[in-house]
Amino acid sequence: MKKPVALITGATSGIGLGCAKRFAQGGYDLILTGRRENQLEIVAEEVKKMGAAVQTLCFDVRDREAARHAVESINPELKPIDVLINNAGLALGLEPEYEGDYNDWDTMIDTNIKGLLTMTRLIVPAMVERGCGHIINIGSVAGDAAYANGNVYCATKAAVKTISDGLRIDVAHTGVRVTNVKPGLVETNFSRVRFHGDDERAVKVYQGIEPLTGDDIADVAFYAASAPKHVQIAEVLVLATHQASGSIIVRQ
């Protein structure tokens, strides 16, 4: 019997890596995308040991043509794609909006919004045609309400929520499901990227609280994908125990 297939963007670390491992453990074959080819191959070897067939696609979701060529190169044996996990995303900078960096804004908008839209546009039509499939978008608690100096990043994750809601409406006549998973504080490479490689500043983000892990969010994504076909987990907010919102974190 053919195994289900999941395509995961941003699979080289953090939540994407967690999803790759969890879905491999859960009996899926995988298509893994990311910008770091060496790291993609390391992840691929790890999940192959779990019994998954794997294809890696090295490209940046901001590059629409590269994304299209990558999708066109997918091995026919790994089709159809049953689950699309739009995980690729990032935050850059933590300055007031009036002091923000133009390049940081462009990168966040092009990755978190336009990259997600590109992958959705490339993968979902085949799901609609088949009348089944599942899109899992990795949003954020930051999409529920802005927090200090989060401005543009929060806006991109609010867009992910709205895009997910709109897609759910658009495919309601089919068997396709749409889930928006909204993590809170997750200890990944996220803060190091946000602070442009400043490890000392990144570490402070997680001090005094036990944050979530990429594996925690992967468990939620897998649960949503594993729900009975008549059950659509539309949206899940996942926070660390001592986090109440995007801006309220109680540190011990």
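About the thresholds
Residue positions are given per chain, counting from 1 as you read along its sequence in written order. Local features in a predicted model are, by the rule used here, given only for residues with pLDDT of at least 70; side-chain atom pairs are given and counted only at 80 or more, and totals for whole chains, interfaces and linings are based on all residues. In computing side-chain properties, one takes all heavy atoms of the structure into account and sets aside hydrogens as well as water. Helix and strand definitions here come from DSSP, where helices need a minimum of 4 consecutive H or I residues and strands a minimum of 2 consecutive E residues; each element is numbered from the N-terminal end. In this description the radius of gyration comes from C-alpha coordinates, and the expected globular size is given by 2.2 Å times residues to the power 0.38. We call two residues in contact when some of their heavy atoms are within 4.5 Å. Counted charges follow a simple rule, with Lys and Arg positive, Asp and Glu negative, and His plus the chain ends left uncounted. All charge positions are set by atom: Lys at NZ, Arg at CZ, Asp at CG, Glu at CD. Whenever a carboxyl oxygen of Asp or Glu lies within 4 Å of a side-chain nitrogen of Lys or Arg, that contact is scored as a salt bridge. Summary of the burial criterion: residues with accessible area below 20% of their type's maximum are buried, those above 50% are exposed, and those between are partly exposed, where the area comes from a 1.4 Å probe applied to protein chains only. A helix's residues, less one, multiplied by 1.5 Å, set its expected span. For this quantity, the arc is that covered by the directions from the helix axis to the C-beta atoms. Aromatic pairing here means that ring centres of Phe, Tyr or Trp (its six-membered ring) are within 6.5 Å. Orientation follows from the plane angle: under 30 degrees is stacked, over 60 is edge-to-face, and everything else is tilted. Consider the ring centre and the ring normal. A charge sits over the ring if Lys NZ or Arg CZ is within 6 Å of that centre and within 35 degrees of that normal.

Undergrad: Could you give me a rundown of the overall build of the chain, with the residues and numbers involved?
TA: The secondary structure content of the chain amounts to eight helices and seven strands. Here the C-alpha atoms of the chain give a radius of gyration of 17 Å, agreeing with the 18 Å that 2.2 N^0.38 yields for 252 residues. Seen through its C-alpha atoms, the chain measures out along the principal axes to roughly 50 × 40 × 35 Å. Contacts spanning at least 24 positions in sequence make up 71% of the contacts within the chain whose residues lie at least 6 apart. Across the chain, the centroid of the 26 positively charged side chains sits 4 Å from that of the 31 negatively charged ones.

Undergrad: Tell me about the pattern of salt bridges, residues and numbers included.
TA: Inspection of every chain in the model, using the stated rule, returns 13 salt bridges. Note that Lys-114 is salt-bridged to Asp-110, the shortest N-O span being 3.4 Å. A residue pair is termed a helical-turn pair when its members lie 3 or 4 positions apart in one helix, as Lys-114 and Asp-110 do in helix H4 (residues 102-130) at four residues. Among the ionic pairs, Asp-165 bridges to Lys-161, the shortest N-O distance being 3.4 Å. One end of the pair is Asp-165 and the other is Lys-161, both in helix H5 (residues 151-170) and four residues apart, which spans about a single turn. Classification of Asp-165 as partly exposed rests on a relative accessible area of 25%. One salt-bridge network, in which partners are shared between bridges, spans Asp-144, Lys-161, Asp-165, Arg-168, Lys-182 and Glu-235.

Undergrad: Tell me about helix H2 (residues 37-48), and name the residues and values.
TA: For H2, built from twelve residues, the straight-helix expectation of 16 Å at 1.5 Å per residue is met to within 8% by its first-to-last C-alpha distance of 16 Å. Buried within H2 are the following residues: Leu-40, Val-43, Ala-44 and Val-47. Projection of H2 onto a plane perpendicular to its axis shows the buried side chains occupying an angular sector of 105 degrees, all on one side. Among the exposed residues of H2, those oriented more than 90 degrees off its buried face are Asn-38 and Ile-42. Tucked into the core, H2 has its buried residues touching helix H1 (14-25), strand E2 (29-34) and strand E3 (54-58).

Undergrad: Would you mind going over the packing of aromatic side chains in detail, with residue names and values included?
TA: One pass over the structure, following the stated rule, counts four aromatic pairs. Centroid distance Phe-23 to Phe-222: 5.1 Å. Interplanar angle 80 degrees. Geometry classified as edge-to-face. Of this pair, Phe-23 sits in helix H1 while Phe-222 sits in helix H8 (residues 214-226), and the two are 199 residues apart along the sequence. Note on accessibility: Phe-23 and Phe-222 belong to one class, buried. Between Tyr-28 and Phe-222 the ring centres are 6.2 Å apart and the planes differ by 75 degrees, which places this aromatic pair in the edge-to-face class. Pair noted here: Tyr-28 is in the loop between H1 and E2 and Phe-222 is in helix H8, with a separation of 194 residues, a long-range link. The side chain of Arg-22 reaches across the aromatic face of Phe-222, ending 4.0 Å from its centre.

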